[in-house]
Every structure is written in C-alpha cells, then in structure tokens.
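Close look at the chain arrangement
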Amino acid sequence: MRHKVTLIPGEGIGPEVAAATRRILEAAGVQIDWEEIEGRTDKTTERGQLVNQLAVESVRKNHVALKGPMATAIAGGAPSVNVALRKTLDLYANLRPVKNLPGVKSHFDNVDLIIVRENTEDLYSGLEHEVVPGVVESLKIITEKASTRIGRFAFEYAKRHSRKRIHAIHKANIMKLSDGLFLRSVRAVAAQFPEIEYKELIVDNACMQIVMDPQQFDVLLLPNLYGDVMSDLAAGLVGGLGVVPSANIGDDCAMFEAVHGTAPDIAGKGFANPTALLMSSILMLDHLGERTTARRIEVALEKVYHEAKHTTRDVGGPAGTDEFAEAVIAALPPK
Ligand code: NAI
C-alpha cells in the first residue's frame, strides 16, 4: 500500500537525520510519497517567524507527518513552532517509549517503559503576563476534558500493547485544584480498566524512584510539564536523547519526531545520529499498519548497535550519519 506522509525536515541536524531516515525507509521498501515542507514560515512578523500554515494544512490533509527538530528562542523571541504545531493540530498525546538499545552505554539494563504526556495545556498554555514590574504570572491550565482524554489514551494504549501498570504522576498535594482535577479525571478513567493496575506518585518522589529503580515502571501518565521533564530524565537512563523516539498523536493526525533538538554544535558536520528519528519512523510505520517493515528496520538497527562498528560518535562509535545509515540498510533482513 502507498502512503502519503508530510516530511518536515526541521533545522540544524534535522535535514541530515531526516535524509538518512528517508533513505533507510526507502531501502526497506515501504511505499511512501513524501510531501516535504518547511515547518516555519519564511516571513518575519513582529513576533518572529511563526509556524508555516502550509505545513499545518499538509499534515491535516495527509494525517501523518515525520518531523525533524526546530529551534526555539530562549527568554523572548517567537513562540515555539514545535508547540504551535502540536497545539494547532490538537496532537494531545505525546508518546515516548524508553527502552535499552544493545551496546549503548547506560545506567540500567532492561528498562522498557512508556511515557504518556498530555501535550496541549498545563504551563505550556503560553499565557504569561507581567502583573507589575518585577512580578510575572504564568497560567497553568488543566481541564477535565484534556485530562480525561489523555487518561483514556494511556489506558487504551496499555490495553492494546499488553502493558500491566499505569502510574499517574502529579503534585496534587500542593496544586490541589489543578493537579487534583487531573488526578480525579484519570481515576474515573482508571475505574473503567480494572485489568490494568493503577497507581499514583508525587512527581518529586517519581523522579527519585525512576533513577533508582526504573524497572518498576511500565506506563507513566503525566501532565505536560512533568511529562516533558521526566521523559528527558528517562531518556538519560538508556543512553540519552539521541536514542529515544516520540510520537504526537491526536484523533485525526499524528506527527512523529525525535526527542532531541537541532544540535547546533554539530549541525552540518555529518556525524549526527539519526537513530531517534529512525525509531520515531518505526512508530510511524506501526501507525500506518506497516508492521513487518517496522520490525525489519528494528532488527537491522539492533544488529548495527550490537556490532557497534558503524555507530555514531555520541554513542561512542566511529561513524558519521551516512555510514550509519548504510550499515542499517545492509543489515535489513530480507522481505
Ligand atoms: P539538543 O538536543 O539539540 O542538543 C543537546 C546535546 O545533544 C548537544 O550536545 C547535541 O550535539 C547532542 N545531540 C542532540 N541530538 C543529537 C543527535 N541526533 N546526534 C548526536 N548528538 C545529538 O538540545 P539543545 O541544545 O537544548 O537545543 C537546541 C535547539 O533545539 C533549541 O533551540 C531547542 O529549543 C530546540 N529543540 C527542539 C526540539 C524539537 O524540535 N522537538 C526538542 C528539543 C529542543
């Protein structure tokens, strides 16, 4: 079957890792017509360069996108194009599987957990203002609708993928109203899935538990900010941002992207690691129903890591982006 997919190569190392990923997918024989488009408009407004509406339209039309990283200015400048894309397309669930790769140096073995992060509200609402000089306010928005929706997504995902346990992560002891609403909404969903064990943990304790004993976790369900922080923390347990994928999923569209950023320190040098985007594309193939090809690429990727002859510098190997991509292609099992 042929698929039409929007490709947003992104910035910095984005185009390099996107090209390598595309080459591997094509070599694996999956039939994709790529619609390549910039994520950011080339026009500068008084708020900086904003999200490209044509990219939004393209994802709406094709329903699936593969996206490279895009830069965001710190403490000022234009709002994040990444956040704008997720919000505009209502990609409310951010899914981040965190698993060891053979041969990648990490603090733990046998980590295999799924992070489900609410992607549309919380402190990422972008509602900030100066109350009086020297005092600013940033609004944390939590709604019953979004909390129930992400809760349902997590439980349905757990059921579909034979996951046994969900931990909801919160700080409802302090933010009694906002995180309290998140918890109450999730508890109501949990009651409909008695076959899945449901537990709750306060976020600071959860951070301590995950760095001491990550194997106890199966699925973690979090509001936006805690989800952002804990998913990078979890990536650090298995080798870092270069080796974990992510998916942003809504009811109508899905966008698959690496967790890492544009890596300006190594952009254009030819040694960026495409593993995270390639793993995200494996999630995309599963989403498209191309499960056999997804597993073949997974097998090839694990073989390259196991042999450790053609891995990239960030994971201790000697290879550049192209050599790594060629090695994965050579390791693809026959159809
Ligand atoms: P970063 O992830 O770009 O880089 C952190 C470190 O990891 C750097 O040393 C970099 O060289 C290395 N690294 C990252 N990805 C790598 C890869 N694939 N292969 C080898 N090494 C890799 O994080 P940073 O520096 O905080 O952010 C840079 C820019 O990216 C910022 O403008 C930020 O806003 C943006 N960003 C975008 C994201 C997205 O589009 N989803 C996510 C995170 C950051």
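Here, the structure is the one placed above.
In every chain, residue numbers begin from 1 and rise along the written sequence. Note on the predicted model: pLDDT of at least 70 is required for a residue's local features to be given, and 80 or more for side-chain atom pairs to be given and counted; whole-chain, interface and lining totals, by contrast, use all residues. Excluding hydrogens and water, the side-chain values take into account all heavy atoms of the structure.

Whether a residue is near a molecule or strand depends on its heavy atoms: it is near if one of them lies within 4 Å of it. Near the ligand there are 20 residues, and of these Met70, Gly261, Ala263, Asp265 and Asn273 occur at the shortest range. Two N or O atoms count as a polar contact when they lie within 3.5 Å, although within protein this holds only if one can serve as hydrogen donor and the other as acceptor, and sequence-adjacent residues are included solely when both atoms are side-chain atoms. Side-chain polar atom of Lys67 to an oxygen atom of the ligand: 3.4 Å apart, as the coordinates give it. The separation between a nitrogen atom of the ligand and a polar main-chain atom of Asn273 is 2.9 Å.

The next subject is the packing of helix α1 (residues 14-27) against helix α10 (residues 321-330). Their axes nearest at 10 Å, the elements α1 and α10 cross at an angle of 15°. As summarised for this structure, α1 and α10 are arranged roughly parallel, according to the angle between their axes. Considering only the axes of α1 and α10, their crossing is right-handed. Every residue of α10 that contacts α1 at Glu16, Ala20, Arg23, Ile24 and Ala27 is listed here: Thr321, Asp322, Ala325, Glu326, Val328 and Ile329. In the contact of α1 with α10, the residues fall into 6 nonpolar, 1 polar and 4 charged. Only the stretch in contact is used when fitting a helix axis, every axis being a line fitted to C-alpha atoms; angles between N-to-C directions are given from 0 to 180 degrees. To qualify as a helix, a DSSP run of H or I must reach at least 4 residues; to qualify as a strand, a run of E must reach at least 2; elements of each kind are numbered from the N terminus. The labels follow the angle: roughly parallel below 35 degrees, roughly antiparallel above 145, roughly perpendicular from 65 to 115, and oblique for the rest. Less than a right angle of anticlockwise turn of the near helix away from the far helix marks a crossing as left-handed, whereas a clockwise turn marks it as right-handed. Contact between two residues is taken to exist if any of their heavy atoms lie within 4.5 Å; hydrogens are not considered. Note that Gly is not counted as nonpolar here; it falls among the polar residues with everything else outside the nonpolar set of Ala, Val, Leu, Ile, Met, Phe, Trp, Tyr, Cys and Pro and the charged set of Asp, Glu, Lys and Arg.

Another point: the pattern of salt bridges. Whenever a carboxyl oxygen of Asp or Glu lies within 4 Å of a side-chain nitrogen of Lys or Arg, that contact is scored as a salt bridge. Counted by the stated rule, this structure contains 26 salt bridges. One salt bridge in this structure joins Glu257 and Lys67, with 2.6 Å as the shortest N-O distance. Residue Glu257 is located in strand β14 (residues 254-258), and its partner Lys67 is located in strand β5 (residues 64-67); the two are separated by 190 residues in the primary sequence. For the pair shown, Glu257 and Lys67 are each scored as buried. Close ionic contact of Lys140 with Asp179 constitutes a salt bridge, the shortest N to O distance being 2.8 Å. For each residue, the accessible area found with a 1.4 Å probe, counting protein chains only, is set against the maximum for its type, and the residue is called buried under 20%, exposed over 50%, and partly exposed in between.

Strand order in the open sheet formed by 10 strands is β2-β1-β5-β14-β13-β6-β7-β12-β10-β11, and the pairing between neighbours is mixed. The strands lining the two open edges of the sheet, one partner per strand, are β2 (32-36) and β11 (197-202). Neighbour-to-neighbour, the strand axes of this sheet turn through a mean angle of 25°, independent of strand direction. For strand β10 (residues 165-170) and strand β12 (residues 219-222), the ladder comprises 3 bridges, and the chain directions are parallel. Looking at the pairing, Ala168 lines up with Leu221 of β12. Contacts from helix α6 (residues 203-212) reach β7 (112-118), β10, β11 and β12, with the element oriented near 105° to β11. Helix α8 (residues 275-287) contacts β1 (3-8), β2, β5, β6 (93-99), β13 (245-249) and β14 of the sheet and is inclined by roughly 160° relative to β14. One requirement defines pairing of two strands: DSSP has to find at least two bridges between them.

A few words on the packing of aromatic side chains. Each pair of aromatic rings is reported with the distance of its centres and the angle of its planes. Stacked, edge-to-face and tilted are the three classes for Phe, Tyr and Trp ring pairs, Trp counted by its six-membered ring, which pair at centre distances within 6.5 Å; planes under 30 degrees apart are stacked, over 60 edge-to-face, the rest tilted. According to the stated counting rule, one finds 5 aromatic pairs in the structure shown. Their ring planes at 20° and their centres at 6.4 Å tell us that Phe153 and Tyr157 sit as a pair that is stacked. Of this pair, Phe153 and Tyr157 are both found in helix α4 (residues 144-160), 4 residues apart, which corresponds to roughly one turn of the helix. Overall, the relative accessible area of 10% leaves Tyr157 in the buried class. Counting every residue linked through ring pairs, the aromatic cluster contains Tyr92, Phe153 and Tyr157. Over the face of the ring belonging to Phe271 we find Arg313, whose NZ or CZ atom lies 4.0 Å from the ring centre. Geometrically, a lysine NZ or arginine CZ counts as sitting over a ring once it is within 6 Å of the ring centre and also within 35 degrees of the ring normal.

This part is about unusual backbone geometry. At Asn110, a position not held by glycine, the phi torsion is positive, near 60°. Summarising the element assignment, Asn110 is placed in the loop between β6 and β7. Taking relative accessible area as the criterion, Asn110 reaches 64% and is therefore assigned exposed. A positive phi angle, close to 70°, is found at Asp122, a residue other than glycine.

Among the surface-exposed residues, Val131, Val132 and Val135 lie close enough to one another that they form a single nonpolar patch of about 230 Å² accessible area. On the secondary structure map, Val131 appears in strand β8 (residues 128-132). Nonpolar side chains (Val, Leu, Ile, Met, Phe, Trp, Tyr) within 5 Å and like charges within 9 Å form the patches, drawn only from residues with over 30% relative accessible area and no salt bridge. Surface accessibility follows the Shrake-Rupley procedure with a 1.4 Å probe radius. Residue values consider only the protein chains on display as shielding.

On to the pairing of β11, then. Judged from the 6 bridges that link them, β10 and β11 form a sheet pairing that is parallel. Within the sheet, the bridge partner assigned to Ile166 lies in β11 and is Tyr198. A clockwise path from the first strand over the helix to the second, with the strands pointing away from the viewer, defines a right-handed crossover. What joins β10 to β11 is helix α5 (residues 178-190), and the crossover it makes is right-handed.

A word on the side chain of Asn119. Considering the arrangement of structural elements, one finds Asn119 in the loop between β7 and β8. Judged by relative accessible area, Asn119 falls into the buried class, the value being 4%. If we skip the residues at most four places from it in the chain, Asn119 touches Arg86, Leu91, Tyr92, Ala93, Asn94, Asn224 and Asn248.

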